[in-house]
Amino acid sequence: MFEHFDEKARRVVFWARAVAGLLDESSIRPLHLLAGIRKEMPRLFKKVDLGSLGRVPPRLSEAELRNPASASKFSTAIPLSKESKKALELAGQASRKFGSETTSAVHVLWGVFHADAKLRKALPKKGLTEKAVEALCRQFSAFEAPGGTSGVIRPIVSCTPVSAVATSSRSGIGYDLHRLAEGRKLILGGIEVPFEKGPVGHSDGDVLSHAICDALLGAAGLGDIGTHFPDTDPKWKGASSMVFLETVRPMLSERCLRIAHIDAVIIAEKPQLGPHFPAMRAALAKALGVGAEQINLKAKTNEGVDAIGRGEAIAAQAVATLEG
Ligand code: MG
């Protein structure tokens, strides 16, 4: 699956994997992708009778797949065949060709049609010609992406889904605390906040970014920040924590995971942080490749209680929600 695949296109691959699994196939073939397209977008074939071609076996229902007991039989990672990889690659190209920013099921159909010689012969006999596929792509690209394209061609990154379930939502929690000392810069969410004290730490001590990083790693089941960016490694001495987030970002997309939302709270007695939130959200959004509206920030004091309340430390908590 690819980074810019939308929900339906991802589900097409999911169904294809499930069908291949049910049929005990050793790889996901374009015919299985076709089954996924039929399942996800039956309206594509409203005027076309594909017969038994690429039909999802009737006993394979979503309810069955979502049942943990039966889902286990589809959890084995069945690889994409060479032709299917090609089909998905062509799907990405088709989305750009037809002016859509995201790759949808209809583009996968284009890919399947052009990647598999047998299907390319068989489909026109069932009423689905190259011209018809092209017309569907034009129609549905316009429908799916009414805003048209920005003209930006982004690289396609292949990934392996972490879950056999079609689309799952995963949450992770992150927490960080740093002592504060005078004469150090206070970096929070990638920006410098004017203050007389700053965090003591191996990197820039950005508690907000560290908590978000841990929340993302947690949601992806990838351990924690210490495992990936150990403070014993001189490479990370004084490093901008934005680098941590930029490093985690492809680790998520490689697993077909997309950041849905991040919510975080910074706990500090001083300074006042609210006015700096727009800049922090913009910096975090840039590092993570998401919209600023997907990041919510809050600030709390500790009411003068304990080390944070005495201004000796600063902390942050974050919750990240991923979809994939
Ligand atoms: Mg830290």
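Below or above, wherever it landed, is the structure these notes cover. (Residues numbered from 1 in each chain as written. Predicted model: local features only at pLDDT ≥ 70, side-chain atom pairs only at ≥ 80, totals over all residues. Heavy atoms only, no water.)

## Concerning the coordination of the magnesium ion
Note the following rule: The rule for donors is simple: an N, O or S atom within 2.8 Å of the metal counts, and for Na, K and Ca the reach is 3.2 Å. Water is not among the atoms, so a site may look short of donors. We call a residue buried when its accessible area falls under 20% of the maximum for its residue type, exposed when it is over 50%, and partly exposed in between, using a 1.4 Å probe and counting protein chains only.
Summarising the metal site, the magnesium ion is bound by the protein donors Asp 176 (OD), His 178 (NE2) and His 210 (ND1), whose distances to it range over 2.2 Å. Each donor residue of the magnesium ion lies on one chain, and together they are spaced D-x1-H-x31-H. Residues Asp 176 and His 178 agree in their burial class; the two are buried.

## Topic: the pattern of salt bridges
In plain terms, the rule: Any Lys or Arg side-chain nitrogen found within 4 Å of a carboxyl oxygen on Asp or Glu counts as a salt bridge. Secondary structure is summarised from DSSP: a helix means a run of H or I of at least four residues, a strand means a run of E of at least two, and numbering begins at the N terminus for each.
Counted by the stated rule, this structure contains 7 salt bridges. Glu 25 is the salt-bridge partner of Arg 29, the closest N and O atoms lying 3.2 Å from each other. With a closest N to O distance of 3.1 Å, Arg 120 and Glu 130 form a salt bridge. A residue pair is termed long-range when its members are at least 10 positions apart, and Arg 120 in helix 7 (residues 117-125) and Glu 130 in helix 8 (residues 130-144) qualify at 10 residues.

## Some thoughts on the environment of Glu 83
Our working definition: The contact definition used throughout considers only heavy atoms, calling two residues in contact when any of these lie within 4.5 Å.
Secondary-structure assignment places Glu 83 in helix 5 (residues 82-97). Of the residues examined, Glu 83 reaches a relative accessible area of 37% and is grouped as partly exposed. Linking Glu 83 and Ile 28, residues 55 residues apart in sequence, is a C-alpha distance of 9.1 Å. The contacts of Glu 83, once residues within four sequence positions are left out, are Pro 30 and Ala 115.

## Some words on the pairing of strand 1 (residues 169-182)
Applicable threshold: Here a strand pair is declared whenever DSSP counts at least two bridges between the two strands.
Across 11 bridges, the pairing between strand 1 and strand 7 (residues 313-323) is antiparallel. Looking at the pairing, Asp 176 lines up with Ala 316 of strand 7. Direction of pairing for strand 1 relative to strand 4 (residues 197-199): antiparallel, over a ladder of 3 bridges. Bridged to Leu 180 within strand 4 is Pro 199.

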